[in-house]
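Analysis of the macromolecular model
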Amino acid sequence: MCGSCGCSDDQVQTSGSPRQIVVERSLMAKNDGYAAANRRRFVGDGILALNLVSSPGSGKTELLVKTIEMLGGNDPCYVIEGDQQTSNDAERIRRTGAPAVQINTGKGCHLDAHMIGHALDDLDPAPDSIVFIENVGNLVCPAGFDLGEAHKVVVFSVTEGEDKPLKYPDMFAAADLTLINKADLLPYLDVDIDLMIANARRINPKLVIIQTSAKTGAGMDDWLGWISTARRHAAAAE
Amino acid sequence: MHEMSLCENIRDILEEQARESGFTRVNRVWLEVGPLSCVEPDALRFGFDVVMRGSVAQGAAVEIMTPIATARCLACQHIAEIKQRYDPCPQCGTGPMEMIQGDALRISKLEVV
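Since the model is a prediction, treat every value here as computed from it, not as a measurement.

1. Observations regarding the nonpolar core
Of all hydrophobic cores here, the largest spans 59 residues; its most connected members are Val79, Ile116, Phe132, Ile133 and Met171 of chain A. Every residue in contact with Phe132 of chain A, bar those within four places of it in the chain, is listed here: Leu50, Leu52, Leu64, Cys77 and Val79 of chain A. Ranked by size, the runner-up nonpolar core spans 23 residues in total, among them Phe23, Leu44, Ala57 and Leu105 of chain B.

As structure tokens, this is what we get:
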């Protein structure tokens, strides 16, 4: 019975009376929608997209420069660079001859899938190419944002300590490959590389781990071999 | 501070729901935040108040529900609650655990006018 006048119409809703609505919507739904569109684009064109994530200063850009040089123009490469400010990294990449676009996130701490969609419109990568996305240097936030990539690759350097994977577990859990970079510095450090690897595997037992040095070239062949296998999978998925 | 951009997502969803369901004000929002979702509830509350200004949810209360995180042992298949991603299996003590649930970020329900 209606509480206002005693009528039997219980369908009348008084404006201003609170009601509950069940929503059940993921907060990531919008990003995930853009990521799915990016992934369709990559898969449709047989493009291998890799999302490189790390702390600032792990040597990502130098590693990427060496990687592109070693691929030697046989495999067309494109790069999306993410930083809060400056276009320094994109300029470093362009000197290798690879097309690169810089995204400046301003105060933002990560790249999102919407930004990547626009960057792809600018880059217009050729079919069967490789797109490297160098994310903002941050081991926290980029873990949660799918960009539509085939794999997340964590780059961390030997100077960052054995317990880095335990301190920033989400990123290591989200990645398929870890490159332990600046391996040429190991003789000068007290770091326990076996413990470093064991800690990464504690977070993610399926993680592939390669030690690299962009400076000496150590481990670069293994990394290029991993890319080559991933490319075959990308081509097969087309 | 990706909590701010998550709050912007919340605001967009609430504005969309307001148009679809015909309400003009949100009194209360129930969020499900998994303990392993890499989101700090306090930062989310702070961002929420700032981002909702001028929207249908200005001044709305936030209720954060934290479900437990569970994982399956890759060695003995035992399923248990975990507090961190690297917790060892409580059953066999050796195997690494693979998370089943615990990283959800969801708006579950709203109280609206």
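Next comes the rest of the description.
2. What about the interface of chain A and chain B?
Across the boundary between the two partners, chain A contributes 26 residues, which contact 25 residues of chain B. Elements represented by at least two residues in the side of chain A that touches chain B include exactly strand E1 (19-26), helix H6 (169-174) and helix H7 (193-203) of chain A. In terms of residue count, E1 of chain A provides more of the side of chain A that touches chain B than any other element does, eight residues in total. Tallied by class, the residues present in the side of chain A that touches chain B amount to 15 nonpolar, five polar and six charged.

3. Points about the pairing of strand E6 (residues 105-112) of chain B
Across six bridges, E1 of chain A lies against E6 of chain B in antiparallel orientation. The residue bridging Arg25 of chain A from the neighbouring strand is Ile107 of chain B, located in E6 of chain B. In this sheet, E6 of chain B lies alongside strand E1 (residues 26-33) of chain B in antiparallel orientation, the contact comprising seven bridges. For Glu32 of chain B, the partnering residue across the bridge sits in E6 of chain B and is Arg106 of chain B.

4. Some thoughts on the packing of helix H1 (residues 2-21) of chain B against helix H2 (residues 41-51) of chain B
All names here are of chain B. Between H1 and H2, the shortest axis-to-axis distance is 8 Å and the interhelical angle comes to 50 degrees. Judged on the interaxial angle alone, H2 and H1 are oblique. With respect to the hand of their crossing, H1 and H2 are arranged in right-handed fashion. In contact with Glu3, Met4, Leu6, Cys7, Glu8, Ile10 and Arg11 of H1, H2 contributes Ala43, Leu44, Gly47, Phe48 and Val51.

5. Details of unusual backbone geometry
Residue and element names in this part refer to chain A. A positive phi angle is found at Lys182, which is not glycine, with a value near 60 degrees. Mapped onto the elements of the fold, Lys182 is located in the loop between strand E7 (177-181) and H7. Classification of Lys182 by C-beta neighbours within 10 Å gives buried; the count is 25.

6. What to know about the confidence of the model for chain B
Chain-level statistics for chain B give a pLDDT mean of 92 and a share of 99% at 70 or above. The ipTM for the predicted assembly is 0.84, set against a pTM of 0.86.

7. Points about the sheet that holds strand E2 (residues 48-54) of chain A
All names here are of chain A. Spatially, seven strands are ordered E4-E3-E5-E2-E6-E7-E8 in an open sheet, and the strand pairing comes out parallel. Strands at the two margins of the open sheet, each flanked by one partner only, are strand E4 (100-104) and strand E8 (208-211). Direction aside, the axes of adjacent strands within the sheet are offset by 20 degrees on average. Two strands pair when backbone bridges link them, and strand E3 (residues 77-83) and strand E5 (residues 130-134) are joined in this way by five bridges, in the parallel orientation. For Ile80, the partnering residue across the bridge sits in E5 and is Ile133.

8. Focus: H7 of chain A
All names here are of chain A. Among the residues of H7, Met196, Asn199, Ala200, Arg202 and Ile203 are the ones counted as buried. Seen end-on, H7 carries its buried residues on one side only, within an arc spanning 155 degrees. Of the residues in H7, the exposed ones pointing more than 90 degrees away from the buried face are Asp194 and Ala198. On its buried face, H7 sits against helix H5 (164-167), H6, E7 and E8.

9. What about the pairing of E2 of chain A?
Across a regular strand the side chains alternate sides, sitting on one face of the sheet and then on the other. All names here are of chain A. Buried residues dominate E2, accounting for seven of its seven residues. Burial of E2 is two-sided: the residues Leu48, Leu50, Leu52 and Ser54 facing one way and the residues Ala49, Asn51 and Val53 facing the other way are all buried. As paired strands, E2 and E5 are joined by five bridges and run parallel to one another. Residue pairing across strands places Leu50 opposite Phe132, the latter belonging to E5.

10. What about helix H4 (residues 113-123) of chain A?
Residue and element names in this part refer to chain A. Those residues of H4 not exposed but buried are Ala113, Met115, Ile116, Ala119 and Leu120. On an axial view of H4, the arc spanned by its buried residues comes to 145 degrees, and they lie on one face. Away from its buried face by more than 90 degrees, H4 exposes Asp121 and Asp122. Next to the buried residues of H4 lie helix H1 (29-44), E3, E4 and E5.

So, how was this worked out
- Residues numbered from 1 in each chain as written.
- Chains lettered and ligands numbered in written order.
- Predicted model: local features only at pLDDT ≥ 70, side-chain atom pairs only at ≥ 80, totals over all residues.
- Core = buried A, V, L, I, M, F, W, Y, C linked by C-beta atoms within 7 Å.
- Buried ≥ 20, exposed ≤ 12 C-beta atoms within 10 Å, placed from the backbone.
- Contact = placed C-beta atoms within 7 Å.
- Helix = DSSP H or I, 4+ residues; strand = E, 2+ residues; numbered from the N terminus.
- Nonpolar A, V, L, I, M, F, W, Y, C, P; charged D, E, K, R; others polar.
- Pairing = 2+ DSSP bridges.
- Axes fitted to C-alpha atoms, helices over the stretch in contact; angles between N-to-C directions.
- Parallel < 35°, antiparallel > 145°, perpendicular 65-115°, else oblique.
- Left-handed = near helix turned anticlockwise from the far one by under 90°.
- pLDDT = per-residue confidence, 0-100.
- Arc of directions from axis to C-beta.

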